[in-house]
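# Notes for the structure review
Here are the chains, one letter per residue:
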Amino acid sequence: MTADRSMVAGKQEGEKPELDPGPILEVDHLIMNYRTKDGYVSAVQDVSFTIGRGESLGLVGESGCGKTSIAMSLMRLLPDNAEIQAGKIVLDGDNLLELSDEEMRRRRWNDIAMIFQGAMNSWNPVYRVGDQIREAIDLHWEEKPTVAVANARIAELFELVGLDPAMMDRYPHEFSGGMKQRAVIAMALSCDPKIIIADEPTTALDVIVQEQVLEELRSIQHEFGMSIIYISHDIAVIAEITDHLGVMYAGKLVEHGLTEDVFARPRHPYAWLLLSSTPSVTGPRLNLNPLEGEPPDLLHPPTGCRFHPRCPFATDQCAAEEPPMEEIEPGHLVACWNYEQVPEMKAESA
Amino acid sequence: MVRYLTIRLLQMFVLFLVFLTILFFLINAQPGDISAQFVGNPDIPPEAKQILRERLGLDQPLFAQYLFYIRNVLTLNLGVSFDHYPRTVADILLTALPRTLYLFGIATLLSYIVGFQTGKMVAWRRGSAAETGTMVTSIILYTVFYPWFAILMLWFFGSQLNWFPLGKFLTPAQWFDAPYTANQVFNTMLLSMFLAGAGVALVVWGTGKFVAEPVPRTRARRILFALIAISMLAFWLISPMSRYAADIAYHTVLPVTTLTLVFYAAITLLTRSSMLETLREDYIFTARAKGVPEKVIRDRHAARNAMLPVTTSFVLAIAFIIGGGIVTESIFSWPGLGLTLLNAVNVEDLPVAMGALAFIGLLALFAHLVADVLYAFLDPRIRVQG
Ligand SMILES: Nc1ncnc2c1ncn2[C@@H]1O[C@H](COP(=O)(O)OP(=O)(O)OP(=O)(O)O)[C@@H](O)[C@H]1O
Ligand code: SF4
Ligand SMILES: [Mg+2]
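Here goes a summary of the coordinates provided.

Criteria and cut-off values
Residues numbered from 1 in each chain as written. Chains lettered and ligands numbered in written order. Predicted model: local features only at pLDDT ≥ 70, side-chain atom pairs only at ≥ 80, totals over all residues. Heavy atoms only, no water. Helix = DSSP H or I, 4+ residues; strand = E, 2+ residues; numbered from the N terminus. Buried < 20%, exposed > 50% of the residue type's maximum accessible area, 1.4 Å probe, protein only. Contact = heavy atoms within 4.5 Å. Areas by Shrake-Rupley, 256 points an atom, 1.4 Å probe, with all protein chains shown as cover. Lys, Arg positive; Asp, Glu negative; His and termini not counted. Charge placed at Lys NZ, Arg CZ, Asp CG, Glu CD. Buried area = accessible area lost by both parts, 1.4 Å probe. Salt bridge = Lys/Arg side-chain N within 4 Å of Asp/Glu carboxyl O. Polar contact = N/O pair within 3.5 Å; in protein donor to acceptor, adjacent residues only side chain to side chain. Nonpolar A, V, L, I, M, F, W, Y, C, P; charged D, E, K, R; others polar. Expected span 1.5 Å × (residues − 1). Near = heavy atom within 4 Å. Phe/Tyr/Trp six-rings, centres within 6.5 Å; stacked < 30°, edge-to-face > 60°. Lys NZ or Arg CZ within 6 Å of the ring centre and 35° of its normal.

Glancing now at the overall build of chain B. For chain B, the count of helices and strands is 15 helices and zero strands. Looking at the 386 residues of chain B, the share that counts as buried comes to 45%. Counting contacts in chain B only where the partners sit at least 6 residues apart, residues at least 24 apart contribute 75% of the total. Looking at chain B as shown, the accessible area adds up to about 20,000 Å², and 70% of this sits on carbon and sulfur atoms. The averaged location of the 21 negative side-chain charges in chain B is 15 Å from the averaged location of its 28 positive side-chain charges.

Bringing the environment of E200 of chain A into the picture now. Residues and elements named next belong to chain A. Positionally, E200 belongs in the loop between β7 (195-199) and α7 (207-224). Residue classification places E200 among the buried positions, given a relative accessible area of 5%. Taking the C-alpha atoms as reference points, E200 and I115, separated by 85 residues in sequence, lie 8.2 Å from one another.

Turning our attention to the interface of chain A and chain B. Across the contact, 28 residues belong to chain A and 24 residues belong to chain B. Across the interface of chain A and chain B, roughly 2,300 Å² is buried in total on both sides, 62% from carbon and sulfur atoms. At the junction of chain A and chain B, the tally comes to two salt bridges. Linking K290 of chain B and E135 of chain A is a salt bridge whose minimum nitrogen-to-oxygen distance equals 2.9 Å. For the pair chain A and chain B, the interface holds twelve residue pairs in polar contact (both at pLDDT 80 or more). Of all the elements in the fold, those that place two or more residues in the side of chain A that touches chain B are α2 (67-75), α4 (129-140) and α5 (147-160) of chain A. By residue number, the principal contributor to the side of chain A that touches chain B is α4 of chain A, which donates five residues. Taken together, the residues of the side of chain A that touches chain B break down into 16 nonpolar, eight polar and four charged.

Turning to the pattern of salt bridges, a few remarks are in order. Under the counting rule described, the total for this entry stands at 27 salt bridges over all chains. For the salt bridge of D91 of chain B with R87 of chain B, the shortest nitrogen-to-oxygen distance reads 2.9 Å. With a relative accessible area of 35%, R87 of chain B lands in the partly exposed category. Here D379 of chain B ties to R381 of chain B by a salt bridge, and the two come within 3.0 Å at their closest N and O atoms. Each of the salt bridges in this network shares a partner with another, and the network as a whole consists of R53, D92, D94, R107, D111 and K194 of chain A.

Let us now look at helix α8 (residues 182-210) of chain B. Residues and elements named next belong to chain B. Across its 29 residues, α8 extends 41 Å between first and last C-alpha, which sits within 8% of the 42 Å expected from 1.5 Å per residue. All of the buried residues in α8 are A182, V185, F186, T188, M189, S192, A196, G199, V203, G206 and T207. Packing partners of the buried residues in α8 comprise α5 (89-124), α9 (214-238) and α10 (242-279).

This brings us to the site of ligand 2. Contacts to ligand 2 come from 13 residues, most closely from C305, C311, C318, C336 and W337 of chain A. Class assignment for the residues of the shell around ligand 2 results in ten nonpolar, three polar and no charged.

Attention now goes to the packing of aromatic side chains. Residue and element names in this part refer to chain B. Per the stated rule, a full pass over the model turns up 20 aromatic pairs over all chains. Taking 5.9 Å as the distance between ring centres and 35 degrees as the angle between the ring planes, the aromatic pair formed by F63 and Y66 counts as tilted. One end of the pair is F63 and the other is Y66, both in helix α4 (residues 62-74) and three residues apart, which spans about a single turn. A relative accessible area of 54% places F63 in the exposed class. What makes Y66 buried here is its relative accessible area of 13%. When the ring of Y102 is compared with that of W334, the centres are 6.1 Å apart and the planes differ by 15 degrees; the resulting orientation is stacked. You can see Y102 sitting in helix α5 and its partner W334 sitting in the loop between α12 (294-331) and α13 (337-346), a full 232 residues away along the chain. The burial state of Y102 is the same as that of W334; both residues are buried. Here the aromatic residues F24, F25, F63, Y66 and Y69 are joined through ring pairs into a cluster of three or more. The ring centre of F68 lies 5.0 Å from the NZ or CZ of R71, which sits over that ring.

Right, here's the structure in full:
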């Protein structure tokens, strides 16, 4: 085994790795539309954010707001009808959108791996789970390892995610949902990616398993010092495991900052409504929909601020002009004309 | 796997008995007495009639006859042909069986291999001109009235172009002073094909089991495959039989091609739709995200899974294949089970007809078994549970 692959062994649990300066990922004014027979679906509208090395970013927002679309843009795995209109995705210095297909293929999993929304079906039913992980290793390790070395690595990863290493010789149908999801995490780690995108990695699991998997994911992330983008519509989950938080609405990133800042003082009306309907981070999750009115139609997104039809603070300006992303305190960005009017969080008892 | 096989074989046996029962009572439900058919036949000497009557138990009640019949079939004691007296039915059928196996075997194998590859490529290049062309051809071939198509092939390649003989199994003139019977040559051909096939299977299995690293495994396979091919070639080059084998092979081209074309069209259509399904699966997306090259995604991930429904369909297609086989044999005068059955029915050679039907039933069950085993082999979800 090469030295750089054995990060697991060297590091102390819980110890935060040294952070290099400079972000690992920089998304810059990304615009992505889906072409449909009725027109363009504006799924990602002018989204910018950065993630530092070893940091984690949570992306929240209601269903259909474009979270998965961002994830797929980062992987460059969009469906055929998707068009990236503008923007940059800079991963560790290179703009992914400028790479050839072949170069991008080599980056996938090696630099940027993914834990999928529908991870239950993400295993090919006819191959052993270990062999499917080995496929990634064979493709991406600088020096293609022998089967024995690769298997040793997979066994190590299995232990790390709480699976019996003997399971690597089993087929996917012999795994329970939670085990499959753990194995997916093991596979995501197999090539030491710089960043992992976890798109609703636990939605298909029951609550107890969800907690365990999340906990493991977080401790692994700390241990490996990799960056992670964690996508969910469950804001309470995200708050527990990420240090930065982005709130999306209708294809736009509307608020972005340290998780604790956004939680303590959400400045965007949508974030504020979302958070005040979540009674407590640790308490029971009530997935109330605090919003009145229709969810936005991204074929014909509202003018100006996309939230204005449902916003209690909306003014005439909101319907006419799009609010820019503004840094209202260091590292805390909000896109709203009237963020100052958004009150403090309601009391915990609400 | 052993348990799975045992269960399957038992099921097969029971099904075969059911089939024989139905066959027996269907034939007996026909108007007229069986014995009357050959009692009146002047070609059969009286002693033979008496033997037949006793062997078939025709002087017994129907149920006793039935038990007699089952016992006779299971011991391959199928009686004597009325038409080819005194040849036994077993002898006639055992001569015809390999010829049918050969025709079906080659046509099925070829159409599956080529059809699968075509269907795969066509699904992969969805929307291309190649796809449209293949689809149109396949749909025409698949929906065409098969006997008409077979006659057309015979007329065009046999009669118009004169490329191939007009049916039959061999050119009698060439066999005038042959030191072998047609059967000897033909069975040697079959045996060598079977050995080559078994060799390939053995190599795949053995290298898969004993050579862990992929690169030496591929190398070992190539070398061993080459060895098999060379030894086959050497055998047929040296063997004095090859001249006669070539004559038989020449006669097989047209019927095999005709049958293959029709199966091929069906397999292509099936594989294409199955492949389009698998391409939408989540694990294909996983493979892309993993950075697996597109060709590998197509072959190792999509096509491998698309194979499963195609294999299942084989079971459903067995009736079609047998029907097609009988038509092919009769149009190309190919002396297999189908033609034997047809001739026997025409001259009311009841023992041969019933024997041929029993054999065809057995063949269908056997094909079923092969498909089942193959499926279990391809799909770990079945393999492990069994
Ligand atoms: N292939 C596509 N063609 C057209 N529209 C699409 C396509 N994929 C997604 N969309 C639309 O783009 C918008 C964003 O979808 P996306 O899947 O990114 O949302 P999401 O935030 O991940 O939602 P969820 O929480 O339900 O997963 C939605 O309105 C969706 O209907
Ligand atoms: S810009 Fe206006 S409409 Fe949009 S969130 Fe702020 S107040 Fe509401
Ligand atoms: Mg999604």
